[in-house]
Amino acid sequence: MPRQLSWIARRAMLVIALLLGLSPLAPAQATPTVVAQPAQVEHRGAEVVAVRQVADRLTDLTVRSQALGGRTVNVRLLTPDGWDPADRSQHWPTFWLLHGCCGDYTSWSGTDIATIPSLRKVLVVMPEAGWNGWYSDWWNYGAGGDPAWETFHTVELAHLLEHGWGASSNRVVAGLSMGGQGALLYAARHPGMFRAAAAYSGSAHPLLNDESVNRIMGFFAGQGNDPLRVSGDPVAQRSIWAAHDPYYLAQRLKSLPVYLSCGDGTAGPFDPPGKTDALEADFNRQNHALAAELQRVGAKHLTTNFYGPGTHAWAYWQRELHASLPMLLQALHVSQR
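Quick caveat: nothing in here was measured; it's all calculated off a predicted structure.

S.K.: Just checking my understanding: could you explain helix 9 (residues 314–332) for this structure?
M.R.: It helps to recall that an α-helix has 3.6 residues per turn; residues three or four apart then point in one direction. With 19 residues, helix 9 extends 25 Å from end C-alpha to end C-alpha; this agrees with the ideal 27 Å at 1.5 Å per step. By the largest-angle criterion, leucine 325 marks the main kink of helix 9, which is about 45°, and a proline, proline 326, follows within four residues. Residues of helix 9 that are buried include every one of Trp314, Tyr316, Trp317, Glu320, Leu321, Ser324, Leu325, Met327, Leu328, Leu329, Ala331 and Leu332, and no others. Immediately beyond the C-terminal end of helix 9, within one or two residues, lies histidine 333, with a positive phi of roughly 60°.

Dropping the structure here:
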């Protein structure tokens, strides 16, 4: 094992400088000025212990999670017009919006989502997923346990939001980069939970080749983490890796509306001349592979926007959010007007 960890560490060091661009942090948000008393709501393995009103229509929940070993993490809600958590009869169409690696639950607040008129009709859920949590229950050498991000999101948080915070079971999911992988995984691994999924520059096929494997292992090693804790060794625990690789879950996605978008890693309209991005180029190949596999298995509602020049940057993800909203809102039966 020491030799294997050293092998991974050497490769992680080679790519980590490039990898830190996976999900640049969104601009810092203002410090919340209003603090509410903790909500008393029904929970299953998680409970809300604090509520902060950050801005108009923007509320942060602090949630204590059993799946995360009793730790507290934050979930940001962008609330619809007329939303009232005291009214237990409310159940709004719900849009889960997932952040990427090196980001957090505030990341999407740096975009224009609060000004999009159609999002005033849905409850937008932006959960914390860890700096490099990868939207999975970590293997931890077979022991499982903390962190179990997938269980926290799909079991604990989903239940919590439906019993006291106005969410409904009418859901769609989207995400960028690591969150794009998470959106595809959650839609595939939890049939019926989401009506559509969108991935912007997503890690769509991490087992594509050695470059892709080494890249994601570099992320797994971020913040001094043992990279084998997440999914194990890509050879010895290949079945675990495949179970968290959207390419190998294409059969489970083929009946859902799916939106895939990515640049090719060359300088695009939002980049300085001559810029290149090996990370985006890798994810571009991964997304093309997933799209081809979805078509091979007979995907009924696949939309792709492989827009050529473009890097791994927020300007593209904001644009792609807008481009995918018609598909996502149609799946929720929400008018865009």
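S.K.: Help me out: how do you make sense of the packing of aromatic side chains in this one?
M.R.: Two aromatic rings are characterised by how far apart their centres lie and by the angle between their planes. Tallied over the full model, the rule gives 15 aromatic pairs. On the numbers, 5.2 Å between centres and 75° between planes, the contact of tryptophan 314 with tryptophan 317 is edge-to-face. Of the two residues, tryptophan 314 and tryptophan 317 both sit in helix 9, three residues apart, roughly one turn of that helix. Here tryptophan 314 matches tryptophan 317 in class, with each residue buried. Ring-pair connections join several aromatic residues into one group, and the members of that group are Trp108, Tyr200, Tyr259, Trp314 and Trp317. Here arginine 319 stacks its cationic end above the ring of tyrosine 307, 4.5 Å away from the centre of that ring.

S.K.: Sorry if this is basic, but what is going on with unusual backbone geometry here?
M.R.: At the junction of aspartate 146 and proline 147, the peptide bond is cis and its omega measures out at 0° in the coordinates. By the secondary structure assignment, proline 147 is in the loop between strand 6 (123–127) and helix 2 (149–162). Positioned with a positive phi, cysteine 102 is a non-glycine residue whose angle comes to about 75°. Here tyrosine 135, not a glycine, exhibits a phi torsion of approximately 50°, which is positive. Tracing the backbone shows tyrosine 135 in the loop between strand 6 and helix 2. Relative accessible area serves as the criterion here: at 0%, tyrosine 135 is assigned to the buried category.

What counts and how
Residues numbered from 1 in each chain as written. Predicted model: local features only at pLDDT ≥ 70, side-chain atom pairs only at ≥ 80, totals over all residues. Heavy atoms only, no water. Helix = DSSP H or I, 4+ residues; strand = E, 2+ residues; numbered from the N terminus. Expected span 1.5 Å × (residues − 1). Bend = angle between axes of the 7 residues up to and from the residue. Buried < 20%, exposed > 50% of the residue type's maximum accessible area, 1.4 Å probe, protein only. Phe/Tyr/Trp six-rings, centres within 6.5 Å; stacked < 30°, edge-to-face > 60°. Lys NZ or Arg CZ within 6 Å of the ring centre and 35° of its normal.

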